[in-house]
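Here's the letter readout for the chains.
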Amino acid sequence: MTRNILYTFIILCLTVLSGHSAQAASLIVGYCDGELAEKGVGKSGIGTISVAVCFPQEMLAQYAGAHITGIRVGLTTTENMTELVGWVRTDLTGDNAASGSFATPTAGWNETDFDTPYLIDGNSDLYLGYSFTQQLKQAKCISLVGKPSQYGYYLAKDNEWQDKGLESEGVVSIEMYIEGDNLPANDLEIESCFFDNNVQPTGTPFSATCVIRNAASTPVEGYDLTYRINGGDELQLTVGKTLQYRQRDTLRIEIPADALPLGVSSLSTSVAIKGDVADDNTDNNSQTIPFATYDNTFNHIVLLEQFTSEECPNCPRGIFAIDDAMKVYGDKVVHVAHHSGYTADWLTIEDSDTYVWLYGPDGSYAPAKMVDRRRLSEEYPVESIADADDVISAIEAVLPNPSLVEAIPVVNYNETTREAKITVTCRKIDAFDVQCPESRLTLFLVEDSVKAVAQAGISSSSFKHANVVRDVASDDVWGDIIPWSGNEATMSYTVTIPEDWDETRMTAVVFVSNYNPDDRNDCNVYNAAKQSFNTPEAVGTTRINKEVSHTEFYSIQGFRLLSEPTDGIYIARIIYTDGSAAVIKRVARR
């Protein structure tokens, strides 16, 4: 997996601390921002329990030549634990490269020096952790705070390690002391800068938030925040307050609507300590972030994903609820069913099991739903299904979201070879690049009306499953990166339909989405579409040099139109006097 180091979680704090060298300032480095949970977690079993975080080589390179001199560990309790030792390692299963014991640990923060300081060379990952002995009862002492991080939580019993980073409730409360002669004494940083909404219609003002932080031991006696919009005139906010070590300040930047052009803009910010004080680390003094306006959108089709199983006795209730909801919003929703999230059945596929990750770390259940993979009333995108009104409310919550992108599939199916060539035309507006900088296209092969084998919770022998996801045909289960050329892209797939699938009930479902492996709530779907294998445009062949009888027009979803459209993508079915027909995809622009 490509590493995505979340530097916003890396807390770099300068302070001179008792028990450490008075010759040099001491950095406190960790993911937890000095926070401690009220209740802890643990691991069952008699033996040695170990907890750790990882600091990747890329992050440690800036401290090359400095020493790790000690560790601080946050515990929620000390019951049922003995022999607490803090350590640093280059390999989780290896020996301690440096360590220190805690004589009398207590609930709260515990600090100790390493017996021998560890020299950081910046050429390898390092693991910072602690171990203790556990007897019969579980020691629920591990403090987890903040948001989960890829490197923020490793857990072991007797050196058998588990990577819990993205499956946990947060990051471990553990930090290390770094000492060196070249660490900054004055360091004011822009910790983050973000918009309330970074994409909005033209004529709408924007609001941005900047979080300023003193990352060094020397108090900051006031500062200036300057900013520019699209490289224009420099504007300034002057703040007179004093920021102590680790203290933050939050500023708002208001951008009037009349200051913005159509399309993508940029906000550049910079912070400086007032007076003649030099900032020893200028690498974190500035940030530039994009934002955008738009004046037109595409038709928004919602992706409704269902989790179900033949082994689930309550799933027929969820199935019927979705059926009723589709009677209301069927023309605005693409529905698919994953036979995952519960006990596997004969329709379960491995790719659908991958999406169970979107439930969150606390397990899965059925019946369940997702709409555009957005978080609504629960902590993560997947929600239970109560009834039809529940499904309708979820659809209505996301349907008004403007779509700045569209993906239109066209299926060319060969009935003899059972081979389908699926061509997807994608279009976007400039603002979509800000909304989703790395957009992906996912292709599902979906079969409707699949006769059930033994559906729990229903006695009907004629029960059929709707819109079953048979295969994720895109190369990546989370979608293939869209190769934009300007604001358009074309992607092609060739698939062979197995003999036991009914091609007359097959549909190609496509959707454009984001994927963030570090955040389940940042995998939103921005638009969806579908194309049946069994419509005229899917099986037609091109004919030329024949006399035309008449032409029929269809929407890209296969609905017959009264007249030829004047805007967007549509299908023209040309009927010749000899009875043959040609199907052509057309794009109309105003």
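Please read all numbers here as calculations on a predicted model, not as lab measurements.

**Observations concerning the confidence of the model for the chain**
Okay, so step 1: Per-residue confidence for the chain gives a mean pLDDT of 89, with 91% of residues at or over 70.
Okay, so step 2: Contacts for the low-pLDDT stretch residues 1–23, under 50 throughout, to residues beyond four places or in other chains number 74 contacts.

**Quick word on the sheet that holds strand E16 (residues 206–214)**
Okay, so step 1: Reading across the sheet, the three strands line up as E14-E16-E19 and stay open at both edges, with antiparallel pairing between neighbours. The open sheet is flanked by strand E14 (188–195) and strand E19 (248–255), the only strands paired with a single partner. Across this sheet, the average inter-strand angle for adjacent strands is 20°, counted without regard to direction.
Okay, so step 2: With seven bridges connecting them, E14 and E16 associate as antiparallel partners. Note that in E16 the partner of Ile-190 across the bridge is Ile-212.

**Re the environment of Leu-36**
Okay, so step 1: Tracing the sequence through the fold places Leu-36 in the loop between strand E2 (26–30) and strand E3 (47–55).
Okay, so step 2: Sequence spacing of Leu-36 and Arg-374 is 338 residues, and the spatial spacing of their C-alpha atoms is 30 Å.
Okay, so step 3: In this structure Leu-36 touches Gly-74, Leu-75, Gly-108, Trp-109, Ser-143, Val-145 and Ser-173, once residues within four positions along its chain are discounted.

**Thoughts on the sheet that holds strand E18 (residues 235–243)**
Okay, so step 1: Judged by pairing direction, the sheet is mixed, and its five strands sit side by side in the order E15-E21-E20-E17-E18 without closing on themselves. Every interior strand has two partners, whereas the edge strands, strand E15 (199–201) and E18, have only one. Averaged over all adjacent pairs, the angle separating strand axes in this sheet is 25°, with direction ignored.
Okay, so step 2: Sheet analysis places strand E17 (residues 220–229) next to strand E20 (residues 263–273), joined by seven bridges and oriented antiparallel. Residue pairing for E20: Tyr-223 is matched across the bridge by Ile-273.

**With respect to the pattern of salt bridges**
Okay, so step 1: Tallying each qualifying case throughout the model produces 26 salt bridges.
Okay, so step 2: Note that Asp-249 and Lys-241 form a salt bridge whose closest N and O atoms lie 3.0 Å from each other.
Okay, so step 3: Using a relative accessible area of 6% as the deciding quantity, one classes Asp-249 as buried.
Okay, so step 4: Across the pair Glu-503 and Arg-418 runs a salt bridge whose closest N-O atoms are separated by 3.1 Å. Of the two residues, Glu-503 sits in the loop between strand E33 (488–496) and strand E34 (506–513) while Arg-418 sits in the loop between strand E26 (405–414) and strand E27 (419–428), which places them 85 residues apart along the sequence.

**What about the environment of Ser-207?**
Okay, so step 1: Along the chain, the position of Ser-207 falls in strand E16.
Okay, so step 2: The spacing of Ser-207 and Arg-252 is 45 residues in sequence and 6.9 Å in space, taken between C-alpha atoms.
Okay, so step 3: Leave out the neighbours within four places in its chain, and Ser-207 touches Phe-194, Phe-195, Asp-196, Arg-252, Ile-253 and Glu-254.
Okay, so step 4: A distance of 2.5 Å separates polar atoms of two side chains, one belonging to Ser-207 and the other to Glu-254.

**A word on helix H4 (residues 388–398)**
Okay, so step 1: Regarding H4, the residues found buried are Ala-388, Val-391, Ile-392, Ala-394, Ile-395 and Val-398. The buried residues of H4 occupy an angular sector of 160° when the element is viewed end-on, so they sit on one face.
Okay, so step 2: The secondary structure elements touched by the buried residues of H4 are strand E22 (302–307), helix H2 (315–329), strand E23 (333–338), strand E24 (368–371) and strand E25 (383–384).
Okay, so step 3: Where H4 begins, the side chain of Asp-387 points an oxygen toward the backbone nitrogen of Asp-389, at a separation of 3.2 Å.

**Here we look at the state of the cysteines**
Okay, so step 1: Tallied over the full model, the rule gives one disulfide.
Okay, so step 2: Disulfide pairing is shown between Cys-312 and Cys-315; the S-S distance is 2.4 Å. Looking along the S-S bond of the Cys-312-Cys-315 disulfide, the torsion reads about 90°, which is the right-handed sense.
Okay, so step 3: Of the residues examined, Cys-315 reaches a relative accessible area of 0% and is grouped as buried.
Okay, so step 4: Left without a disulfide partner, Cys-523 is nearest to the cysteine sulfur of Cys-436, which lies 10 Å away.

Reading the values: rules and limits
- Residues numbered from 1 in each chain as written.
- Predicted model: local features only at pLDDT ≥ 70, side-chain atom pairs only at ≥ 80, totals over all residues.
- Heavy atoms only, no water.
- pLDDT = per-residue confidence, 0-100.
- Contact = heavy atoms within 4.5 Å.
- Pairing = 2+ DSSP bridges.
- Helix = DSSP H or I, 4+ residues; strand = E, 2+ residues; numbered from the N terminus.
- Axes fitted to C-alpha atoms, helices over the stretch in contact; angles between N-to-C directions.
- Salt bridge = Lys/Arg side-chain N within 4 Å of Asp/Glu carboxyl O.
- Buried < 20%, exposed > 50% of the residue type's maximum accessible area, 1.4 Å probe, protein only.
- Polar contact = N/O pair within 3.5 Å; in protein donor to acceptor, adjacent residues only side chain to side chain.
- Arc of directions from axis to C-beta.
- Disulfide = S-S within 2.5 Å.

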